[in-house]
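Structure at a glance
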Amino acid sequence: MSEQFLAKKDAGYVVAVVGATGAVGQTMLEILAERNFPVAELFPVASSRSAGSTIEFKGKEYVVQDLETFDPSGVDIALFSAGGSTSKVHAPRFAEAGCYVIDNSSAWRMDEDICLVVPEVNPHALEMARENKIIANPNCSTIQMVVALKPLHDAVPIKRVVVTTYQAVSGAGGKAIEELAKQTTQLLSSKSAEVNVFPARIAFNVIPQIDVFMDDGYTKEERKMMDETRKIMESEIAVTATTVRVPVFYGHSEAVNITFTAAMDADRARQLLADADGVCVVDDPSAEDYPMPSEAAGTDPVWVGRIRNDDSCANSLHLWVVADNVRKGAALNAVQIAEILIPHS
């Protein structure tokens, strides 16, 4: 970075969390506290439905402010997790007040003037934010995949990626979590499952659709992964995706097949990944040891296992990639970006 984004403030920074009462917003607050982010003043902000309620941060109670009337003047950093349409209206308002906005929605990700950032992959892209002050947080499934791809791509450029995801219901919000729990209870009680959130029953089922279908037969979630990967990696890597919803509460899993432009074997890939920031390798077939969402939930790393050569295609590997979609896939990535914006000397 050529210079610091924010001036050093010994007392800390004024931080707003927009969408503070939602699952991701609450996790943002938890991670700010866990990582001891220098917060001098905190403003939890949400819609009028939640305004006036209280949240706790570091043992202190805060009243949630109404986003429509909140004045962002004086705020240094705003972490947004309030939906795309809300972000389109309010992120520019915060930015115009001089605040850096780190937005978790899809509203700005593919805007050519807005940086799309994963700190372990492309922190230099933040330079774009000096002028417009808005920073996009990528899709949760994209984040964990590119963290695993980056050290491999740096060693031997990647030609093509084929990914199939197994995504937890928490990626669809609190009502989706409730639906899985309710349907599971209903079916185990020999009752019919009520379907409201997903296009089909999710309990004891797998749904090969996340978001709406597009004209080319891909879903919007699949298109996000394909387009965002190329933007973040700054590469013309060919990417194709199939995104699937599975009856898991927290933790996305991905089967990733990678074709390189030159030789790359499993042993070398395993070492590169073991040495990479933000990655933990769990890969011992002899002990049946590999990453699973039940163990990744509540943790920060991107977990990688089942690393093996693909003998059906030259210069190709398989990976199994797992991460907590609410933490690294959303809240943690946003806080890591905020940490880059502040001086550390």
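Residues numbered from 1 in each chain as written. Predicted model: local features only at pLDDT ≥ 70, side-chain atom pairs only at ≥ 80, totals over all residues. Heavy atoms only, no water.

1. As for the pattern of salt bridges
- All chains considered together, the criterion is met by 15 salt bridges.
- The residue R223 makes a salt bridge to D216 at a minimum N-O spacing of 2.5 Å.
- Taking the relative accessible area as the measure of exposure, D216 reaches 43% and is therefore partly exposed.
- A salt bridge links R270 to D267; the nearest nitrogen and oxygen atoms lie 2.9 Å apart. Placement of both R270 and D267 in helix α7 (residues 266-274) is noted, with a separation of three residues, approximately one turn of the helix.
- Owing to a relative accessible area of 57%, D267 belongs among the exposed residues under this scheme.
- By sharing partners, the salt bridges in this structure join D216, R223, D227 and R230 into a single network. (Salt bridge = Lys/Arg side-chain N within 4 Å of Asp/Glu carboxyl O. Buried < 20%, exposed > 50% of the residue type's maximum accessible area, 1.4 Å probe, protein only. Helix = DSSP H or I, 4+ residues; strand = E, 2+ residues; numbered from the N terminus.)

2. Regarding the nonpolar core
- Core analysis: the largest hydrophobic core is formed by 56 residues, its most contacted members being F94, V161, V256, V304 and L319.
- Every residue in contact with V304, bar those within four places of it in the chain, is listed here: A148, L273, V279, C280, V281, V282, P291, L319, W320 and V321.
- F5, V15, L42 and A334 belong to the second-largest nonpolar core, a separate cluster that totals 38 residues. (Core = buried A, V, L, I, M, F, W, Y, C linked by side-chain atoms within 4.5 Å. Contact = heavy atoms within 4.5 Å.)

3. What about helix α9 (residues 327-341)?
- Of all the bends in α9, the greatest measures close to 35 degrees and is centred on N333.
- Of all 15 residues in α9, 14 are buried; the element is thus mostly enclosed. (Bend = angle between axes of the 7 residues up to and from the residue.)

4. Some thoughts on the environment of A40
- Relative to the assigned elements, A40 resides in strand β2 (residues 39-46).
- Remark: the alpha-carbon pair of A40 and T240, spanning 200 residues in sequence, is separated by 44 Å.
- Not counting residues up to four positions away in its chain, the partners in contact with A40 are A11, G12 and Y13.

5. A short note on unusual backbone geometry
- If you check the backbone angles, F204 has positive phi at about 55 degrees while not being a glycine.
- Residue placement: F204 occurs in the loop between α5 (174-188) and α6 (220-233).
- On the accessibility criterion, F204 (53% relative accessible area) is exposed.
- Even without being a glycine, E234 presents a positive backbone phi close to 55 degrees.
- The topology assignment puts E234 in the loop between α6 and β11 (238-245).
- We classify E234 as exposed; its relative accessible area is 55%.

6. Focus on the sheet that holds strand β6 (residues 77-80)
- Here seven strands make up an open sheet; going across it, the order is β5-β2-β1-β6-β7-β9-β8 and the pairing parallel. Edge positions in the sheet fall to β5 (65-66) and β8 (115-116), since each has one partner strand and no second.
- Looking at chain direction, strand β7 (residues 100-103) and strand β9 (residues 134-136) are connected through three bridges and run parallel. Of the residues in β9, the one forming a bridge with I102 is I135. (Pairing = 2+ DSSP bridges.)

7. Some thoughts on the packing of helix α4 (residues 140-155) against α7
- Where α4 contacts α7, the axes come no closer than 9 Å and their chain directions differ by 120 degrees. In this view, α4 runs oblique relative to α7, as classed from their interaxial angle. Between α4 and α7 lies a crossing of right-handed hand. Residues A148, P151, L152 and A155 of α4 form the contact with α7, whose participating residues are R268, A269, L272 and L273. (Axes fitted to C-alpha atoms, helices over the stretch in contact; angles between N-to-C directions. Parallel < 35°, antiparallel > 145°, perpendicular 65-115°, else oblique. Left-handed = near helix turned anticlockwise from the far one by under 90°.)

8. Looking at the sheet that holds strand β13 (residues 279-281)
- Spatially, the six strands line up as an open sheet ordered β11-β10-β12-β15-β14-β13, and their pairing is mixed. Here the strands that pair on one side only, and so sit at the sheet edges, are β11 and β13. Ignoring which end each strand starts from, the neighbouring axes of this sheet average 25 degrees apart.
- This element, α6, spans β10 (158-167), β11 and β12 (252-260) of the sheet and lies at about 145 degrees to β11.
- Contacting β13, β14 (302-309) and β15 (316-323), α7 crosses the sheet at an angle of about 170 degrees to β14.

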